[in-house]
Structures are given as structure tokens and as C-alpha cells.
Amino acid sequence: MERKLKNILNGLLNSFISRNNDVNGYWGIGKLYALLIDTNCSEIKIDLLKNTILPENLEFINSIKGYNKKLKNKIEKNSLSISDVSNVNIFIKKKYNIFNENHELIPLLCSIKATYKENINLEYQLEIMCRKHSPKLESKSCRNYLGKDKLKK
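What you see is a predicted model, and the numbers here were worked out from it, not measured in a lab. (Residues numbered from 1 in each chain as written. Predicted model: local features only at pLDDT ≥ 70, side-chain atom pairs only at ≥ 80, totals over all residues. Heavy atoms only, no water.)

1. Quick notes on unusual backbone geometry
At step 1: The omega torsion across Leu-54 and Pro-55 is 0°, close enough to zero to call that bond cis.
At step 2: If you trace the backbone, Pro-55 turns up in the loop between β4 (52-54) and α3 (61-77).
At step 3: Positive phi outside glycine occurs at Ser-79, with the angle close to 60°.
At step 4: Checked against the element boundaries, Ser-79 lands in the loop between α3 and β5 (85-94).
At step 5: Despite not being glycine, Glu-118 shows a phi value in the positive range, around 65°.
At step 6: In this structure, Glu-118 sits in the loop between β6 (106-116) and β7 (120-130). (Helix = DSSP H or I, 4+ residues; strand = E, 2+ residues; numbered from the N terminus.)

2. What about the packing of aromatic side chains?
At step 1: According to the stated counting rule, one finds one aromatic pair in the structure shown.
At step 2: Look at Phe-16 and Tyr-67: their rings are 5.4 Å apart centre to centre, the planes differ by 75°, and that puts the pair in the edge-to-face class. Of this pair, Phe-16 sits in helix α1 (residues 2-17) while Tyr-67 is found in helix α3, placing the two residues 51 residues apart along the sequence. Each member of the pair, Phe-16 as well as Tyr-67, carries the same accessibility label: buried.
At step 3: Positioned above the aromatic ring of Trp-27 is the side chain of Arg-19, whose terminal nitrogen or guanidinium carbon lies 3.8 Å from the ring centre.
At step 4: The ring of Phe-91 has Lys-113 lying over it, and the distance from NZ or CZ to the ring centre is 4.9 Å. (Phe/Tyr/Trp six-rings, centres within 6.5 Å; stacked < 30°, edge-to-face > 60°. Buried < 20%, exposed > 50% of the residue type's maximum accessible area, 1.4 Å probe, protein only. Lys NZ or Arg CZ within 6 Å of the ring centre and 35° of its normal.)

Limitation: the analysis is restricted to geometry and does not speak to function.
Given below as C-alpha cells:
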């Protein structure tokens, strides 16, 4: 069962850092990096069980709720119980203690940590290259922004 949870966490983190994870049409990690800069924080913590983000920012809540749902669905499909998982957190940190506001790439450490059955700690970490979100430099996705009723016309 522990192996199944490891696979779920690995899949969630890879999905989270992918280009398909967007926030209001823009790459989620770029928006999170901008949040790090704007709040002058060294780390962002996303609690997938409580649907919270620190530092607080309502712009990310829908994305977080989506990952909460993915987590619960994957756990259920793998015959695990969500009650056996006491926490699942995603962390975004700067690899180096610098900010780069010139839209150059900078390494970020992205990790997911969970506690299973109160005493088994699981963690995956990936390093990605990212730049601060900039609408001037990015194309906006139109995915999930058109209502189904508008598509039927």
C-alpha cells in the first residue's frame, strides 16, 4: 500500500509542475514564483488536505481544490483510505537565496511530503527551471475558460 501512495505522490508532483497546470490561463509554477517574489517569502506551502496556501492568495484556491480532488480520487482508485493519510503538502522553494525579476530562468525546488499511517513519511523532490510570470512574455491558455454552453453554439 505504501508503494501505491508513493506512485500517487510522484504523479501529483509531476502533474503540478507540468505546463498543463495553469492558474487563470498561465503556468502555475510561474505564478507561484511571482507570489514568492511579491511576498518576499522563501517558501510556499500548499496543504492539499486542507485546501490552503501560505502565503495566502485566493488566486490559487481553484487549482489547489483540483489537486485535492485528484489526490482523493487516486487514493480511492488504488484501494487506499484517505483517513490513513494525515498530511499532504507541496512546497515551492528557491534553490538559491536570490530573486530574478529580469525574467531569466531560476531553479526552484518543488517537493511533495506526506505522512501515511501516522509514522511513514514520504517525500519526492524535483528541481525545475522557472521564470517569473509575465503576461507580456507568455501565451494564455484558453483551456477551461469557455463554458460548455458557449461551445455548443
